[in-house]
Amino acid sequence: MRCSSEYDVAIIGGGPAGAAAGTQLAKAGLKPVILEKEKFPRFCIGESLLPFGNILLKQLGVWNQMEDAGFLRKYGAEFCTGDKSRLRRFWFGQTLGASCEYSYQVERSKFDELLLNNARAHGCEVHEETRVSAIENIDTKKMHLHCETPQGALSIHADWIIDASGRNAFTGKKLGLRRNITQKKRRIAIYGHFEGVFRNSGKAEGHITIARISDAWFWLIPLSGNKTSIGLVVPADQMSKPNSRTLDDVFQEAVDSTPEVKDRMKGASMLGSLRATGDYSWKFSSFATRRVVLAGDAAGFIDPIFSSGVMLALQSSMRAAELIIRAEKSNRQLSRFERFQYTRQVMGWMRQYSRLIAPFYEKAGFEVFMNPASLLQIPSSIARLVGGQTEPTFIDSLRIEAFRTICRLQRFVPIAPAIPSLR
Ligand SMILES: Cc1cc2nc3c(=O)[nH]c(=O)nc-3n(C[C@H](O)[C@H](O)[C@H](O)COP(=O)(O)OP(=O)(O)OC[C@H]3O[C@@H](n4cnc5c(N)ncnc54)[C@H](O)[C@@H]3O)c2cc1C
């Protein structure tokens, strides 16, 4: 491993997007460096993976380690109403084939460290506890990154930057890119780890449970051992009411009024304390400039209801690495067309999820979602998307559009049975 301050590519952030990009660039013979402000392992939310992501993990050469890491297998997902009146279970194997029969529920501290070590093993230099604080000559061939480390300042020169800084969106802000808010209502997630939460039996033990309540939802993600991640996603204004309730108040009140979650949590105890994060669903207007490419959450963030974040982070950063490898080989910057195409492709992947997220938050849409009729094979198209298929076939795309139309009709004509407990 070379230890100089001159690199082909500086990658800001060592989460899934940064680690995947570093791996691919090093494999191609370039000299990348990952600059990560934290010391790994570090806590991160986003623990439920999608089976289409398996293909990417295999390409990164980390799949065998995933299989041996002791993570809990996830064979599907279940959606239910908080009042226990409806339950819909997806089994990936039924629609996605044997190679995508399952994915994993992961503690991100362990998963992210595994990916970062994989980047190291492929020859990518990694600096932890190294925060990028400023960039000079941004978007030129002689970019100069100023970093802060416990040992003092560090200077990095690079021809390219991949911004994988997550929702910090470091370069997007520096470049002054326009930020589009894609979900009108601001939401906040309150979450923690618990022990002793009820689990499904058999192969459904690893299913993620999404419990929809009026204007909000819970996730329950079983992790290995006896640990379960539980989160509540509520409109942000619930935290700013005049009597300013604490995170614990809001969380506990929601649990107490949601039989599905309350019953599963009987006898459970919290490990540590609750955390919260907000600011949902936005994206920059462009994801690439001549020498800076934005990947993962640094490009945009979509509501986590369908657990798509990690897969999109891997997919976009591996694509970003491909672009840079190609341009570097012919000693040129990214063309206007390549920048446009990258942005369009990644936005297209994100849009597939946005098409399902909107109906999920509407009463009428959720009623249709929870009552799948085999009509036009819409459920299998939805299942493929829920499994992570970001580039649906033309037919799948048409079926999702048909589903959205039925959801709109449901507002006026009762096609699916009503769910009175929802607003
Ligand atoms: C409430 C919630 C629930 C979610 N649930 C899921 C889920 O179930 N499944 C799923 O797939 N996704 C989920 N997500 C999304 C998922 O967490 C993200 O999409 C994923 O972590 C994105 O990976 P990333 O590498 O782009 O960014 P991150 O994982 O955020 O990594 C970014 C890294 O950059 C580092 N960094 C930031 N700024 C700097 C700097 N200036 N200098 C150096 N380093 C820096 C950070 O320390 C961090 O390690 C959820 C998200 C939220 C908010």
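Residues numbered from 1 in each chain as written. Predicted model: local features only at pLDDT ≥ 70, side-chain atom pairs only at ≥ 80, totals over all residues. Heavy atoms only, no water.

Asker: Before we move on, can you summarise the state of the cysteines with the specific residues and values?
Answerer: In total, this model carries zero disulfides according to the counting rule given. There is no disulfide at cysteine 44, and the cysteine sulfur nearest it, in cysteine 124, is 19 Å away. (Disulfide = S-S within 2.5 Å.)

Asker: For helix H7 (residues 247-256), give the residues involved together with the corresponding values.
Answerer: Of all the residues in H7, the buried ones are Val250, Phe251, Ala254 and Val255. Along H7, the residues classed as buried sweep out an arc of 130° about the axis, all on the same side. Turning to H7, the residues buried within the fold contact strand E12 (187-195), strand E14 (216-222), strand E15 (227-235), helix H8 (259-264) and strand E16 (269-278). (Buried < 20%, exposed > 50% of the residue type's maximum accessible area, 1.4 Å probe, protein only. Helix = DSSP H or I, 4+ residues; strand = E, 2+ residues; numbered from the N terminus. Arc of directions from axis to C-beta. Contact = heavy atoms within 4.5 Å.)

Asker: Run through the site of the ligand, naming residues and quoting values.
Answerer: In the vicinity of the ligand, 38 residues are found, and the nearest of them are Glu36, Ile45, Ser48, Asp297 and Val310. Take asparagine 168: an N or O atom from its side chain is 2.9 Å from a nitrogen atom of the ligand. The side chain of aspartate 297 places a nitrogen or oxygen atom 2.8 Å from an oxygen atom of the ligand. When the free accessible area of the ligand is taken as 1000 Å², the share hidden by the protein chains comes to 94%. Elements with a minimum of two residues in the shell around the ligand: helix H1 (16-27), strand E8 (131-136) and helix H9 (309-329). Looking at the shell around the ligand element by element, the count peaks at three residues for H9. (Near = heavy atom within 4 Å. Polar contact = N/O pair within 3.5 Å; in protein donor to acceptor, adjacent residues only side chain to side chain. Areas by Shrake-Rupley, 256 points an atom, 1.4 Å probe, with all protein chains shown as cover.)

Asker: Describe the pairing of strand E9 (residues 143-149), listing the residues and the values that go with them.
Answerer: Counting buried residues in E9 gives five out of seven residues, a clear majority hidden from the surface. Sheet topology note: the E8/E9 ladder contains five bridges and is antiparallel. Bridge pairing links valine 132 to cysteine 147 in E9. Where E8 folds back on E9, the antiparallel hairpin that results is connected by six residues, among which asparagine 137 adopts a positive phi of roughly 55°. Looking at chain direction, E9 and strand E10 (residues 152-163) are connected through seven bridges and run antiparallel. From the neighbouring strand, cysteine 147 faces E10, where its bridge partner is leucine 154. Where E9 hands over to E10, the hairpin turn is made up of two residues, counted between the paired strands. (Pairing = 2+ DSSP bridges.)

Asker: Tell me about the pattern of salt bridges, and name the residues and values.
Answerer: A pair can form between side chains of opposite charge whenever their charged atoms are brought close. This structure, assessed with the given rule, holds 29 salt bridges. With a closest N to O distance of 3.1 Å, glutamate 107 and lysine 227 form a salt bridge. Of the two residues, glutamate 107 is situated in the loop between strand E6 (103-105) and helix H5 (108-121) and lysine 227 in strand E15; the sequence distance between them amounts to 120 residues. The salt bridge involving arginine 108 is made with aspartate 112; its shortest N-O contact spans 2.8 Å. Taken together, the residues span about one helical turn, with arginine 108 and aspartate 112 both in helix H5 at a distance of four residues. Ionic contacts of the salt-bridge type, sharing partners, join the residues Glu78, Arg89, Glu260 and Arg264 into one network. (Salt bridge = Lys/Arg side-chain N within 4 Å of Asp/Glu carboxyl O.)

Asker: How would you sum up unusual backbone geometry? Please name residues and give values.
Answerer: Note the cis peptide between phenylalanine 40 and proline 41, where omega equals -5°. Note that proline 41 resides in the loop between strand E2 (32-35) and helix H2 (53-59). One non-glycine residue, aspartate 139, adopts positive backbone phi at about 75°. By secondary structure assignment, the location of aspartate 139 is in the loop between E8 and E9.

Asker: Summarise the pairing of E15; cite the residues concerned and give the values.
Answerer: In regular strands, side chains alternate between the two faces of the sheet. Across the nine residues of E15, eight count as buried, placing the element largely inside the fold. Of the pairings in the sheet, the one linking E12 to E15 comprises nine bridges and is antiparallel in character. Its bridge partner lying in E15, tyrosine 191 is registered against glycine 231. Sheet topology places E14 next to E15; six bridges connect them, and they run antiparallel. Residue tryptophan 217 lies in a different strand from E15, and its bridge partner there is valine 233. Linking E14 back to E15 in an antiparallel pair, the connection comprises four residues, with glycine 225 at a positive phi of about 75°.

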